[in-house]
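In case you want the letters, here they are:
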Amino acid sequence: MKTRHRRSPTERSDSQAEPTTLLRLVCVVCGGIVGCFAIVLATWSNQSAPLQIVHAADPVSGAAAMPTDPTQPDLTQSPTQPPTDPAVAANPALAGRVADEDLPKTNAEWRKRLSPEQFEVARKKGTERAFTGKYWDTTTPGIYRCICCGEPLFKSNEKFESGCGWPSFSSPIDGVKGTTVAEHEDVSHFMRRTEVTCRRCGAHLGHVFNDGPPPTGLRYCINSASIVLDKK
Ligand SMILES: [Zn+2]
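We now turn to the structure provided with this report. Just so it is clear, the model here is predicted, and its values are computed rather than measured. (Residues numbered from 1 in each chain as written. Predicted model: local features only at pLDDT ≥ 70, side-chain atom pairs only at ≥ 80, totals over all residues.)

## Points about the overall build of the protein
Alright, step 1. Scanning the protein from N- to C-terminus turns up three helices and twelve strands.
Alright, step 2. Taken across its 232 residues, the protein has 22% of its residues classed as buried.
Alright, step 3. Contacts in the protein between residues far apart in sequence, at least 24 positions, make up 45% of those at least 6 positions apart. (Helix = DSSP H or I, 4+ residues; strand = E, 2+ residues; numbered from the N terminus. Buried ≥ 20, exposed ≤ 12 C-beta atoms within 10 Å, placed from the backbone. Contact = placed C-beta atoms within 7 Å.)

Structure representation (structure tokens):
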């Protein structure tokens, strides 16, 4: 008895094993692979094969589209370049706000990022000598950020000449009752003062006194070593 073999839907006979036909449409602008506007590969292995787009590029930038195979490296993304400025490479807070996960956890780590004076002032509650800091008489417009974590802390338009020899501000950047700086009672050196720190990373900034100009009447007396100016 002659039996008839029934093919499964995925099984092919020899007569159907036709060679795959490829049709490649190459961009008429550049004709190449890199920077090409669009290359479309159509595959006809049988009549129902769909048109498959295997490569397309951004028509604006010319960058190649991401590969569809997740196991392949994404060659369209340039590798992250390390900072070229050695100072920024050592302390990323000089370039902007540092991500939480990139903030040091120990004094040993802080010491690697900061200059000896910055470490002594910002992490050990030291005080730079009057009239010696980088910003005591600076009038350049901009934003003063924390030297440790890069958080914006003070604005140049709230800086005033107090004659004390340290950068003086009438208010933190988000106001006297804001959240950028924290205040602590300080009874060191036989004095009762109010210490000001960066609320985010705990860096010692200076002290706040009640002899400032209106409208706050406050003087935030800040060490230059604890801040960095982002010029406008
Ligand atoms: Zn900070």
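## Examining the sheet that holds strand β12 (residues 227-231)
Alright, step 1. Read across the open sheet, the three strands follow the order β5-β4-β12; overall the sheet is antiparallel. Of all strands in the sheet, those with a lone pairing partner are β5 (152-155) and β12, marking the two edges. Going from strand to strand, the sheet's axes swing by 35° on average, the running direction of each strand aside.
Alright, step 2. As judged from the five bridges shared by strand β4 (residues 142-146) and β12, these two strands associate in the antiparallel manner. Across the sheet, residue Arg145 finds its bridge partner in β12, namely Val228. (Pairing = 2+ DSSP bridges. Axes fitted to C-alpha atoms, helices over the stretch in contact; angles between N-to-C directions.)

## Observations concerning the nonpolar core
Alright, step 1. Within the largest apolar cluster, 30 residues are counted, with the highest numbers of intra-cluster contacts made by Cys146, Ile147, Cys148, Cys198, Ala203, Ile222 and Ile227.
Alright, step 2. Going through the elements one at a time, α3 (116-123), β4, β5, β9 (193-198), β10 (204-209), β11 (219-222) and β12 are the ones with two or more residues in this core.
Alright, step 3. In terms of residue count, the dominant contributor to this core is β11 (three residues).
Alright, step 4. Sequence-distant contacts of Ile222, that is, excluding residues within four places in its chain, are made with Phe154, Trp166, Pro167, Phe169, Leu205, Gly206 and Ile227. (Core = buried A, V, L, I, M, F, W, Y, C linked by C-beta atoms within 7 Å.)

## Digging into the sheet that holds β10
Alright, step 1. Strand order across the open sheet formed by six strands is β6-β7-β11-β10-β9-β8, with antiparallel pairing between neighbours. The outermost strands of the open sheet, each flanked by one partner alone, are β6 (159-160) and β8 (181-186).
Alright, step 2. Bridge count between β10 and β11: four bridges; the pairing is antiparallel. Bridge pairing links Val208 to Tyr220 in β11.

## So, α3
Alright, step 1. Within the sequence span of α3, burial applies to Gln118, Val121, Ala122 and Arg123. Looking straight down α3, one finds its buried side chains confined to an arc of 160°; they lie on one side.
Alright, step 2. Packing partners of the buried residues in α3 comprise α2 (107-113) and β10.
Alright, step 3. Taken from the residues just after α3, Lys125 is the one with a positive phi, measuring 60°. (Arc of directions from axis to C-beta.)

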